[in-house]
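Below, each chain spelled out in residue letters.
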Amino acid sequence: MNAIIEILPQLLRGLQITVSVLLASAIIAYIVAFIAGLARASKNTILNKIAGVYIEIFRGTSLIVQLFWLYYAIPMLFGIQLGSNWWTGVIAIGLNYGAYLAEVVRGSILAVDRGQTEASIALNMSSFQRMRLIILPQAVRMMLPEVGNYTIQMMKATSLVSLIGMRDILYYGDIMRSTNLAQAPLVYVVVLLMYFILALPFIWLTRKGETLSKKGVASQ
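The present account deals with the structure reproduced in this document.

**Regarding the pattern of salt bridges**
No. 1: The final tally for this structure, using the stated rule, is 4 salt bridges.
No. 2: Notably, a salt bridge pairs Arg 40 with Glu 103, separated by 3.8 Å at the nearest N-O pair. One end of the pair, Arg 40, is in helix α2 (residues 15-41); the other, Glu 103, is in helix α5 (residues 85-111), with 63 residues separating them in the sequence.
No. 3: Across the pair Glu 56 and Arg 59 runs a salt bridge, and its minimum N-O distance is 3.4 Å. In this pair, Glu 56 and Arg 59 both sit in helix α3 (residues 45-60), 3 residues apart, roughly one turn of the helix.
No. 4: Several salt bridges converge on common partners, so that one network encompasses Arg 40, Glu 103 and Arg 106.

**Examining the environment of Phe 58**
No. 1: Relative to the elements of secondary structure, Phe 58 occurs in helix α3.
No. 2: Put simply, Phe 58 and Lys 43 are 15 residues apart on the chain and 22 Å apart in space, counted from C-alpha to C-alpha.
No. 3: For Phe 58, the residues in contact, after removing those within four places along its chain, are Gln 66, Leu 95, Asn 96, Ala 99 and Tyr 100.

**Focus: helix α8 (residues 169-179)**
No. 1: Among the residues making up α8, those that are buried are Ile 169, Leu 170, Tyr 172, Gly 173 and Met 176. Buried residues along α8 cover an arc of 160° about the axis, so they all sit on one side.
No. 2: Residues of α8 that are buried sit in contact with α1 (2-12), α2 and α9 (184-213).

**Looking at the environment of Ile 7**
No. 1: The residue Ile 7 is located in helix α1 in this model.
No. 2: Residue class for Ile 7 comes out buried when judged on its relative accessible area of 0%.
No. 3: Expressed as a C-alpha distance, the spacing of Ile 7 and Arg 106, which sit 99 residues apart in the sequence, is 44 Å.
No. 4: Other than its neighbours up to four places away in sequence, Ile 7 contacts Met 176, Gln 183, Leu 186, Val 187 and Val 190.

**A closer look at the side chain of Arg 130**
No. 1: Along the chain, Arg 130 falls in helix α7 (residues 127-157).
No. 2: Leaving out residues up to four positions away in the same chain, Arg 130 has contacts with Thr 117, Ser 120, Ile 121, Met 125 and Ile 135.

**Describing the environment of Ile 91**
No. 1: By the element assignment, Ile 91 lies in helix α5.
No. 2: Since its relative accessible area comes to 21%, Ile 91 is described here as partly exposed.
No. 3: Separated by 25 residues in sequence, Ile 91 and Gln 66 have C-alpha atoms that sit 9.8 Å apart.

**Looking at the packing of aromatic side chains**
No. 1: Taken as a whole, this structure holds 8 aromatic pairs when the rule is applied.
No. 2: Look at Tyr 54 and Phe 58: their rings are 5.1 Å apart centre to centre, the planes differ by 50°, and that puts the pair in the tilted class. With Tyr 54 and Phe 58 both in helix α3 and 4 residues apart, this pair spans about one turn of that helix. In this structure, Tyr 54 and Phe 58 share a single accessibility class: buried.

Thresholds applied
- Residues numbered from 1 in each chain as written.
- Predicted model: local features only at pLDDT ≥ 70, side-chain atom pairs only at ≥ 80, totals over all residues.
- Heavy atoms only, no water.
- Salt bridge = Lys/Arg side-chain N within 4 Å of Asp/Glu carboxyl O.
- Helix = DSSP H or I, 4+ residues; strand = E, 2+ residues; numbered from the N terminus.
- Contact = heavy atoms within 4.5 Å.
- Buried < 20%, exposed > 50% of the residue type's maximum accessible area, 1.4 Å probe, protein only.
- Arc of directions from axis to C-beta.
- Phe/Tyr/Trp six-rings, centres within 6.5 Å; stacked < 30°, edge-to-face > 60°.

This is how it looks when you write it as structure tokens:
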């Protein structure tokens, strides 16, 4: 117990970085997902193809490779600086999970019953009105469970920012492990528990989302 009391304050020093990276990358992922998802569901060939290339590249390659590419390769090859390590980690995680969530957005839009669209056309609604008033409200409900699941995955992915020198929870865990190998198992148990506790609110929200997704949605 005394060992845990010694370990916990050190690990808590990285909590702010972990939480801030999660929140910022989640915001980026949600925005990118809606833009790319709507583009993929669009009949505009150019938008559809551009979104498709983005989605396949980021879904088809490792997040670690993307993180290192943004951190090392882009500045060296193109002289483009993305800012601080924090921004590099946020952008990498946001773009990666934005690609996965874009397919969730597209799939949810396409899952709304075709009759809903036909009824809105009969009411003389424009394409924008149909999407905003009829399709999206139903699609968003269907997205909620998967959005929750991917948010939990994003929270776990924040541990990768320690690889580019960011002082998150895992960063301080690695330092404590390297300075006292005998405590390594206990350090990583505490790290594991901290990530689990951070995930609990999102697990609860995901279950709530699953309940909401079953209400008031007309699907095919």
